[in-house]
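# Structural overview
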Amino acid sequence: MQKVTVAYGDGIGPEIMQATLDILEAAEARLEYDIIEVGEKVYLDGNTSGITPDAWSKIRKNKVFLKAPITTPQGGGYKSLNVTMRKSLGLYANVRPCKSFHPFVATKHPEMDVVIIRENEEDLYAGIEHQQTDEVVQCLKLITRPGSEKIIRYAFEYARLYKRKKVSCFTKDNIMKHTDGLFHRVFKEVAAEYPDIQAENWIVDIGAARLSDTPEIFDVIVMPNLYGDIISDITAQISGSIGLAGTANAGENLSMFEAIHGSAPDIAGKDVANPSGLLRAAVLMLNHLGQQDVAERIINAWSTAIEKGLHTADIYRTGLSSQKLGTKAFAQAVIAHLGEKPKQLQIADFDKEIKLQIKPYQRKEGIKKTLKGVDVFVDWKGKDANALASNLQKLNSDIKLSMITNRGVKVWPEGFEETFCTDHWRCRFELEGNVPAQKSSIHKLMAKALDLKIDIIKTENLYEFDGVRGYSLGQGQ
Ligand code: NAD
């Protein structure tokens, strides 16, 4: 018997969890459950994180967590428990298999069988946001080398283990040359270690357009957090229903399994929700726990019920379905077909040794970091960049004002009068020539700015790494 933590969640959570546990029991899963409460009730009891210390310790002790969706109350400073859990527990890989079940579930994409592997901890989800002026708020997008390397390696190992042929990478590195550029660069480096697997890169906008139009050209897709969040929901939806897909959140020591949809308050308590997403998540969990025999039995019974047209309301279609079943009745239909195999849908045959081995990250030593100057961000309500520049030039020392941008567009020297400007100005001070700048020059500049009442709201040092520029140029520079 293996002990797993279980949370019944909110909205449709309790109904789909009960249906899933009933099927697991009937399929003789070798599991014991440690039940915890997380979500809405815990939030409303005054715990802004939605989870109690006791629940945390059970999750960490049992290491495997099957979680129903929860409701995050709107407003009131409640933090998303899902994001907290993924980041606090180091669940860096979010794996979402999205497959169509043609011709039994209506879809425009009969051939699709895509696995989205989404980075789960970084990117804009670091949640580091600041308002800096009356008019401007920023959110830091953090892409790290260890984070990128771990998730990309995970995608290639996953592809190899599940006998997939291709890994595609989605980024926007034509615009974000440094953040998405790093993700793409690491993708190319890691791909070179897997010559048996085809590797390709797509710009995310056209990649997403092709994925929603012709998903059959994709196999495994790896991407940073935000793109993965949006695109994996679309991918699940176009496979037939958001109610069909399960997901694994995998870390080095812990894993959390859940449906990809939310708590669906609009249909809660009505016994109409499709439990398949959570059930398929439970199957991913059984594979993770080495209970492939049970996983196969459940998927084969589920596929047989689907083939017979036994459908919940979300996938029920006249002509395709034979019976519209509620949540409980659908679970009973799956149970009634345990031991049977589908006739047309793929028969489940899971590899018995299903364990991903991810090579640990090795930090590169000896990279030469050279200070080249500083970007000083100034809150200024004026409009004429020349006026701002002549004031800022009073700060020149060995580092000199070389450029001013507004929302990334160069406005000095020689901007366009058509460029719209806010009260948030990036003012670049650089050393002329090829000698390193000194931190003390930046401190002197800041002290002088204080005397001149220039309102500096933040600074970013400019560095080269092994002689390669580590900061973006201004648009138009
Ligand atoms: P949702 O996924 O709950 O619902 C979107 C639509 O899909 C609704 O019309 C719903 O009825 C339908 N739907 C979802 N699951 C279904 C199922 N199993 N069977 C049939 N139909 C289904 O998204 P939402 O309405 O944006 O969010 C509702 C709540 O869920 C919010 O509080 C949100 O924060 C939370 N949420 C939680 C999770 C999670 O716990 N992992 C994920 C996403 C959203």
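Quick notes on the rules
- Residues numbered from 1 in each chain as written.
- Predicted model: local features only at pLDDT ≥ 70, side-chain atom pairs only at ≥ 80, totals over all residues.
- Heavy atoms only, no water.
- Pairing = 2+ DSSP bridges.
- Helix = DSSP H or I, 4+ residues; strand = E, 2+ residues; numbered from the N terminus.
- Contact = heavy atoms within 4.5 Å.
- Axes fitted to C-alpha atoms, helices over the stretch in contact; angles between N-to-C directions.
- Near = heavy atom within 4 Å.
- Polar contact = N/O pair within 3.5 Å; in protein donor to acceptor, adjacent residues only side chain to side chain.
- Areas by Shrake-Rupley, 256 points an atom, 1.4 Å probe, with all protein chains shown as cover.
- Nonpolar A, V, L, I, M, F, W, Y, C, P; charged D, E, K, R; others polar.
- Domains from an automatic or database assignment.
- Buried area = accessible area lost by both parts, 1.4 Å probe.
- Salt bridge = Lys/Arg side-chain N within 4 Å of Asp/Glu carboxyl O.
- Expected span 1.5 Å × (residues − 1).
- Buried < 20%, exposed > 50% of the residue type's maximum accessible area, 1.4 Å probe, protein only.

## Some thoughts on the sheet that holds strand β18 (residues 424–431)
As summarised here, the arrangement of the 6 strands in space is β17-β16-β18-β15-β19-β20, forming an open sheet in which the pairing is antiparallel. Among the strands making up the open sheet, the edge pair consists of β17 (409–412) and β20 (468–469). Pairing geometry for strand β15 (residues 369–379) and strand β19 (residues 456–465), over 9 bridges, is antiparallel. By the bridge assignment, F377 is partnered in β19 with K458. Helix α12 (residues 385–392) rests against β15, β16 (399–406), β17 and β18 of the sheet, and its axis sits at about 155° to β16. Where helix α13 (residues 439–451) meets the sheet, its contacts fall on β15, β16, β18 and β19, and the angle it forms with β19 comes to roughly 165°.

## Re the site of the ligand
Taken together, 20 residues are adjacent to the ligand, and I70, G262, A264, D266 and N274 come closest. S263 is positioned with one of its backbone polar atoms (N or O) 3.0 Å from an oxygen atom of the ligand. When isolated, the ligand has an accessible area of 820 Å², and the protein chains bury 66% of it. A per-class count over the shell around the ligand returns 8 nonpolar, 8 polar and 4 charged.

## A short note on the side chain of H337
You can see H337 is positioned in the loop between α11 (327–336) and β15. A polar atom in the side chain of H337 sits 2.7 Å from the backbone oxygen of A333. What H337 contacts, discounting residues up to four positions off in sequence, is A301, T304, A305, K308 and L310.

## A look at the domain arrangement of the chain
Segmentation of the chain into domains returns domain 1 (1–86 + 240–353), domain 2 (108–239) and domain 3 (369–469). A separation of 33 Å is found between the C-alpha centroids of domain 2 and domain 3. At the junction of the two partners, domain 2 supplies 7 residues and domain 3 supplies 8 residues. Together, the buried faces of domain 2 and domain 3 total about 690 Å²; carbon and sulfur atoms form 48% of this surface. Broken down residue by residue, the surface that domain 2 buries against domain 3 is led by Q132, T133 and E135, which jointly contribute 57%. In this structure, the connection of domain 2 to domain 3 is made through 1 salt bridge. At the surface where domain 2 touches domain 3, the tally comes to 6 residue pairs in polar contact (both at pLDDT 80 or more). For the side of domain 2 that touches domain 3, the residue count by class is 1 nonpolar, 4 polar and 2 charged.

## Let's talk about the environment of I404
Take I404: it is sitting in strand β16. C-alpha separation for the pair I404 and C427, spaced 23 residues apart in sequence, amounts to 4.5 Å.

## A look at helix α9 (residues 276–288)
Here α9 contains 13 residues, and its C-alpha end-to-end distance of 18 Å stays within 8% of the 18 Å for a straight helix at 1.5 Å per residue. Along α9, 11 of the 13 residues are buried, which leaves the element largely enclosed by surrounding structure. Along α9, the residues classified as buried are S276, G277, L278, L279, R280, A281, A282, V283, M285, L286 and N287.

## Comments concerning the pattern of salt bridges
Applying the stated criterion across every chain, the model contains 28 salt bridges. One salt bridge connects R118 with D229, and the closest N-O pair in it is separated by 3.5 Å. Of this pair, R118 sits in strand β5 (residues 113–119) while D229 sits in helix α8 (residues 225–238); the two residues are 111 residues apart in sequence, bridging distant segments of the chain. The shortest N-O distance in the salt bridge between D375 and R426 comes to 3.4 Å. In this pair, D375 is assigned in strand β15 and R426 in strand β18, connecting sequence segments 51 residues apart.

## Let's talk about the pairing of β18
Most of β18 sits out of view: 7 of its 8 residues are buried. Relative to β18, β16 runs antiparallel, the two being bridged by 7 bridges. The partner of I404 across the bridge, within β18, is C427.

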